[in-house]
Amino acid sequence: MRIVLGVSGGIAAYKAVEVCRRLVDAGHEVTAVLTDAARRFVGEATFSALATHPVPEGLWQRWEGGIAHTRLGQRADLVVVAPATADLLARYAAGMADDLLSATLLATRAPVVVCPAMHTEMWEHPAVAENLATLCRRGVHVVPPGSGRLAGGDEGVGRMAEPATIVAAALALSARHGDLGGTQVVVSAGGTREAIDPVRVITNRSSGKQGHAIAEAAAARGARVTLVTSSALEPPAGVEVVHVESAADMHAAIAAAAPSADVVVMAAAVADWRPKAPAAQKTHGLPELVLEPTPDILADLASARRPGQVLVGFAAETEDVVARARRKLERKGVDLVVVNDVSAPGAGFDHDTNEVTILGADGYVAAVPLTSKRQVADAILDQVVARLRRGTTGSNDSKRDTKEG
Ligand code: PMT
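Conventions we followed
- Residues numbered from 1 in each chain as written.
- Predicted model: local features only at pLDDT ≥ 70, side-chain atom pairs only at ≥ 80, totals over all residues.
- Heavy atoms only, no water.
- Salt bridge = Lys/Arg side-chain N within 4 Å of Asp/Glu carboxyl O.
- Helix = DSSP H or I, 4+ residues; strand = E, 2+ residues; numbered from the N terminus.
- Buried < 20%, exposed > 50% of the residue type's maximum accessible area, 1.4 Å probe, protein only.
- Phe/Tyr/Trp six-rings, centres within 6.5 Å; stacked < 30°, edge-to-face > 60°.
- Lys NZ or Arg CZ within 6 Å of the ring centre and 35° of its normal.
- Polar contact = N/O pair within 3.5 Å; in protein donor to acceptor, adjacent residues only side chain to side chain.
- Pairing = 2+ DSSP bridges.
- Contact = heavy atoms within 4.5 Å.
- Patch = residues over 30% accessible without salt bridge, like charges linked within 9 Å, V, L, I, M, F, W, Y side chains within 5 Å.
- Areas by Shrake-Rupley, 256 points an atom, 1.4 Å probe, with all protein chains shown as cover.
- Lys, Arg positive; Asp, Glu negative; His and termini not counted.
- Charge placed at Lys NZ, Arg CZ, Asp CG, Glu CD.
- Domains from an automatic or database assignment.
- Buried area = accessible area lost by both parts, 1.4 Å probe.
- Nonpolar A, V, L, I, M, F, W, Y, C, P; charged D, E, K, R; others polar.
- Near = heavy atom within 4 Å.
- Axes fitted to C-alpha atoms, helices over the stretch in contact; angles between N-to-C directions.
- Parallel < 35°, antiparallel > 145°, perpendicular 65-115°, else oblique.
- Left-handed = near helix turned anticlockwise from the far one by under 90°.

Visitor: Please set out the pattern of salt bridges residue by residue, giving values where relevant.
Guide: What the rule picks out here adds up to 26 salt bridges. In this structure, Asp382 and Arg176 form a salt bridge, with 2.7 Å as the shortest nitrogen-oxygen distance. Of the two residues, Asp382 sits in helix α14 (residues 373-390) while Arg176 sits in helix α9 (residues 163-176), which places them 206 residues apart along the sequence. One salt bridge connects Asp335 with Arg305, and the closest N-O pair in it is separated by 3.0 Å. Separated by 30 residues along the polypeptide, Asp335 in the loop between α13 (321-332) and β19 (336-341) and Arg305 in the loop between α12 (297-304) and β18 (310-317) bring together distant segments of the chain. Arg305 carries the same exposure label as Asp335, and that label is buried.

Visitor: Lay out the packing of aromatic side chains in plain terms, naming residues and giving numbers.
Guide: This model, assessed by the stated rule, comprises zero aromatic pairs. Taking NZ or CZ as reference, Arg387 lies 5.4 Å from the ring centre of Tyr364, over its face.

Visitor: Could you give an account of α12, with specific residues and numbers?
Guide: Each turn of an α-helix holds 3.6 residues, which means side chains three or four residues apart point in the same direction. The set of residues buried in α12 consists of Ile297, Leu298, Ala299, Leu301 and Ala302. Looking at where α12 begins, the residue whose side-chain oxygen comes 3.3 Å from the main-chain nitrogen of Leu298 is Asp296.

Visitor: With reference to specific residues and values, describe the pairing of strand β20 (residues 353-360).
Guide: For a regular strand, side chains alternate in direction, first toward one face of the sheet and then toward the other. Among the eight residues in β20, six count as buried, and that is most of the element. In the sheet, β19 pairs with β20 via five bridges, with the strands oriented antiparallel. In the sheet register, Val338 faces β20, and the bridge partner there is Ile358. As paired strands, β20 and strand β21 (residues 365-372) are joined by six bridges and run antiparallel to one another. Bridge pairing in β21 places Ile358 opposite Ala366. Connecting the antiparallel pair β20 and β21 is a turn made up of four residues, with Gly363 showing a positive phi of about 95°.

Visitor: So what about the environment of Val19? Which residues, and what values?
Guide: Topologically, Val19 is positioned in helix α1 (residues 13-25). For Val19, a relative accessible area of 1% gives the class buried. In the structure, Val19 is positioned 203 residues away from Gly222 in sequence and 27 Å away in space, judged by C-alpha atoms. Excluding its chain neighbours within four sequence positions, the residues that come into contact with Val19 are Leu5, Pro163, Ile166 and Val167.

Visitor: Go over a negative patch on the surface, please, and point to the residues and values.
Guide: Together, Glu121, Glu124, Asp154 and Glu155 give the surface a local cluster of negative charge. Structurally, Asp154 is set in the loop between β8 (146-149) and β9 (155-159).

Visitor: So what's going on with the side chain of Thr183? Residues and values would help.
Guide: With respect to the secondary-structure elements, Thr183 resides in the loop between α9 and β10 (184-189). One polar contact links the side chain of Thr183 to the main-chain carbonyl oxygen of Leu180, over a distance of 2.5 Å. Discounting chain neighbours no more than four positions away, the residues touching Thr183 are Ala223, Arg224, Asp262 and Leu388.

Visitor: Got a sec to walk through the domain arrangement of the protein chain? Specific residues and values, please.
Guide: Domain assignment breaks the protein chain into domain 1 (2-176) and domain 2 (184-390). Once you take the C-alpha centre of each, domain 1 and domain 2 turn out to be 35 Å apart. Residue-level contacts link six residues of domain 1 with 10 residues of domain 2. Summed over both partners, the interface of domain 1 with domain 2 buries about 720 Å², with 39% contributed by carbon and sulfur atoms. Where domain 1 touches domain 2, the interface holds one salt bridge. Across the contact surface, domain 1 and domain 2 share one residue pair in polar contact (both at pLDDT 80 or more). Among the secondary structure elements, those contributing two or more residues to the side of domain 1 that touches domain 2 are α8 (126-137) and β7 (141-142). Taken together, the residues of the side of domain 1 that touches domain 2 break down into two nonpolar, two polar and two charged.

Visitor: Account for unusual backbone geometry, with residues named and values stated.
Guide: Cis peptide bonds are those with omega within 30 degrees of zero, and the linkage from Ala82 to Pro83 qualifies with -5°. Inspection of the secondary structure assignment puts Pro83 in strand β5 (residues 78-84). For Asp320, which is not a glycine, the phi torsion comes out positive at approximately 45°. Its location among the elements puts Asp320 in the loop between β18 and α13. Backbone geometry at Asp350 places phi at a positive 70°, although glycine is not the residue there. Counting through the fold element by element, Asp350 comes out in the loop between β19 and β20.

Visitor: Please set out the site of the ligand residue by residue, giving values where relevant.
Guide: The environment of the ligand is made up of 30 residues, and the closest members are Ser206, Ser207, Lys328, Asn340 and Asp350. Between a nitrogen atom of the ligand and a main-chain N or O atom of Pro295, the distance comes to 2.9 Å. The side chain of Lys373 places a nitrogen or oxygen atom 2.7 Å from an oxygen atom of the ligand. Across the complex, the protein chains shield 96% of the 780 Å² of accessible surface that the ligand would expose by itself. Taken together, the elements giving at least two residues each to the shell around the ligand come down to α10 (209-220), α12, β18 and α13. With four residues, the top contributor of residues to the shell around the ligand is β18. Of the residues that constitute the shell around the ligand, the class distribution is 14 nonpolar, nine polar and seven charged.

Visitor: Got a sec to walk through the packing of helix α4 (residues 68-75) against helix α6 (residues 100-107)? Specific residues and values, please.
Guide: The interhelical angle for the contact between α4 and α6, taken along N-to-C directions, is 50°, at an axis separation of 7 Å. The orientation of α4 with respect to α6, classified from their angle, is oblique. Pair α4 / α6 crosses with right-handed handedness. Residues Ala68, His69, Thr70, Leu72, Gly73 and Gln74 of α4 lie in contact with α6, whose contacting residues are Leu100, Ala103, Thr104 and Ala107. Residues that form the contact of α4 with α6 fall into these classes: five nonpolar, five polar and no charged.

Written out as structure tokens, the structure reads:
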């Protein structure tokens, strides 16, 4: 694989030397591209000695019969930026191309991994967070920094991830690149809102972050994605979005999209009940609510599934988490259930992180420890891809039970 290793100007540039060596040892063709600031930390000669190719001088150089500022990016199978400084992230997010590294980042269609490294105050600055969020929305993969010693004797969050972690994450990302190419994926997200009257609704705590992360990851892996969402979050780039409000809207949107889908992931928190007779006008006084069950979208999907279609359900639980999810897996007749204990710190509703167990109808069980919702999304999609490749998805013999959601 042809890898461009971008190095920007931070003290962690010395660790990029080890990243370079590990990528070369793993059998890859590596070209290191250094910013001017990076050259102040580590000499060009070090990278030229370790990488497969000498370090290119800059924007104006000829490179492999072409011009370096586009050719390097066009030919790359993977771009890793380690360290990625606050300045580099800002220039990348803004689409600037005034040096060889930023031009390479704009010119590439290969997966890109950035490994931020900076002082804690900079890492926590909203400008850095917003630039990273922009890059993530565009499909850039982030290996987050850890905590420890920083330049100038300071300590805190912002220390670049270790070289072994960076190399493992970069190679895993590259293996995933395009593995959902040619597939149609439908993802649901957010909590539905069930009208009591024109003013009030019954809803739940779902923000839509987990479902949006799955849609984003599926699109980054080459799928055509339809995102059926009730969330006000900005949807990921490159996906078709259907906005819905109630369980009935979501049922209709999913029913329309599912027949042509290879994969359906129900990450939405669909209300289990709704007011039986919502009032046409604003209610005054204390209403007496009579509830009725909503349609079970997932169970309907399972009973109408076409051969080879992979169905993924979620389970939001607070006790007997795995046992309840296992029962849900059997009852709903899906291939995978992703269970989150929504009472655990940092997991479930509205967090940027999640901690899940993935259960397969084939007996597969894997725990995904607390990590970003995007990483959880990729762990789920890894299992989806495995089932698409094996062609071993369930049949439409699901047992429907409306007693439990
Ligand atoms: O949106 P976030 O803030 O990021 O939070 C993420 C999440 C906690 C919402 C998500 O990780 C999650 O757990 N989603 C499922 C929540 C849920 O409704 O769980 P459930 O156990 O009640 O439902 C089980 C499954 O049946 C789900 O796939 C659900 O989409 C589906 N369902 C439920 C009811 C219904 N009428 N039709 C359905 O298809």
